[in-house]
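Tertiary structure, described
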Amino acid sequence: MARITASVYTSHVPAIGAALDLGKDKEPYWQPVFAGYDFSKQWMKENKPDVIFLVYNDHATAFSLDMIPTFAIGTAPQFPVADEGWGPRPVPPVMGHPELAAHIAQSVIQQDFDLTIVNKMPVDHGLTVPLSLMCGQPPADAFHWPCPVIPFAVNVVQYPVPSGQRCFKLGQAIRKAVESYDQDLNVHIWGTGGMSHQLQGPRAGLINREWDNAWLDQMIADPAACANVPHIDYVREAGSEGIELVMWLIARGAMADVAGGKPPVVKHRFYHVPASNTAVGHLILENN
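In what follows, the accompanying structure is described. (Residues numbered from 1 in each chain as written. Predicted model: local features only at pLDDT ≥ 70, side-chain atom pairs only at ≥ 80, totals over all residues. Heavy atoms only, no water.)

Those residues of helix α1 (residues 14–21) that sit buried are Ala15, Ile16, Gly17, Ala19 and Leu20. Residues of α1 that are buried sit in contact with α2 (31–35), α5 (125–135) and β10 (280–286). In the segment just after α1, Gly23 is the residue with positive phi, at about 70 degrees. (Buried < 20%, exposed > 50% of the residue type's maximum accessible area, 1.4 Å probe, protein only. Helix = DSSP H or I, 4+ residues; strand = E, 2+ residues; numbered from the N terminus. Contact = heavy atoms within 4.5 Å.)

Here we come to the pattern of salt bridges. Scanning the entire structure with this criterion turns up eight salt bridges. Across the pair Arg3 and Asp184 runs a salt bridge, and its minimum N-O distance is 3.0 Å. Of this pair, Arg3 sits in strand β1 (residues 3–10) while Asp184 sits in the loop between α6 (164–179) and β8 (186–192), and the two are 181 residues apart along the sequence. (Salt bridge = Lys/Arg side-chain N within 4 Å of Asp/Glu carboxyl O.)

For the rest of this paragraph, the subject is the side chain of His268. If you trace the backbone, His268 turns up in strand β9 (residues 265–272). His268 gets classed as buried once you look at its relative accessible area, which sits at 16%. Engagement of the side chain of His268 in a polar contact is seen with the backbone oxygen of Gly36, the distance being 2.8 Å. (Polar contact = N/O pair within 3.5 Å; in protein donor to acceptor, adjacent residues only side chain to side chain.)

Our focus in this paragraph is the packing of helix α3 (residues 38–46) against α5. Axis separation between α3 and α5 bottoms out at 7 Å; the angle between their running directions is 85 degrees. In terms of orientation, α3 lies roughly perpendicular with respect to α5. Two secondary-structure elements touch here, α3 through Ser40, Lys41, Trp43 and Met44 and α5 through Leu133, Met134 and Cys135. Here the residues of the contact of α3 with α5 sort into five nonpolar, one polar and one charged. (Axes fitted to C-alpha atoms, helices over the stretch in contact; angles between N-to-C directions. Parallel < 35°, antiparallel > 145°, perpendicular 65-115°, else oblique. Nonpolar A, V, L, I, M, F, W, Y, C, P; charged D, E, K, R; others polar.)

Attention shifts here to the environment of Ile174. With respect to the element layout, Ile174 can be found in helix α6. Classification of Ile174 as buried rests on a relative accessible area of 1%. Along the chain, Ile174 and Lys26 lie 148 residues apart, while their C-alpha atoms are 38 Å from each other. Every residue in contact with Ile174, bar those within four places of it in the chain, is listed here: Phe53, Val108, Ile189 and Ile250.

Counting buried positions over the seven residues of β10 gives seven, a clear majority of the element. Burial of the side chains of β10 extends over both faces: Val280, His282, Ile284 and Glu286 are buried on one face and Gly281, Leu283 and Leu285 on the other. Sheet topology places β1 next to β10; five bridges connect them, and they run antiparallel. The residue of β10 that forms the bridge with Thr10 is His282. As paired elements, β9 and β10 share seven bridges and run antiparallel to each other. Of the residues in β10, the one forming a bridge with His272 is Val280. (Pairing = 2+ DSSP bridges.)

Read these as spatial facts, not as claims about activity.
So, in structure tokens, the structure goes:
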């Protein structure tokens, strides 16, 4: 059967992609950010998955404010890189895994989660920046990234947005779906977005180191309690965009300990501020 062996968590700041694309990753401002992913790139080479299930939020590229699905799974064989206003990032298109994606959609919908099935959509920095951070920056003319990716877009842009509890339970449903797939596949699940940041209004520039790290501690050690954190706490403590952290709970809910297994192994943890007025958090957990 297929199995989820690890979960990866990372911020997906658009300026990180721009810094990479423009060759600024060695500049003093950016170097500490990228140094935090040196371990991760080596870990990816040594623990290469067959498929990545990547949870992110679309930033009004595939879905406009006219129609926003709460949860959308990409089932296409390929996803082009979105033009977010300055041209597409100079990175390869994302190759999908239609068979596993369709299986997950079938299983999760039968577990009473409503998913929007998307057979055609561009993917923006929410998905490509994590791939660059974890896999390194491939040449634009490369055929594809190191492995297929199933994009899973979550609405954390337009209220109402899903609760942490619903995201956590959805992760559990995804794990069951993966484990019921009859092909032997090593699957990673990634939760992206966050950490604390606010991009507009009187609190623009808000970053809360203490809350971010306390939230990470709880997500690792007691994810069920972390899933009960109400929306207002994210907004109050982590800023208006801090709500993106509920997407991390999808990945955390898919880990084995949630279903009675052993606690995961923390392989790497990193936190840095600032990166374009955003707190960058990163974590790798492996199933025992």
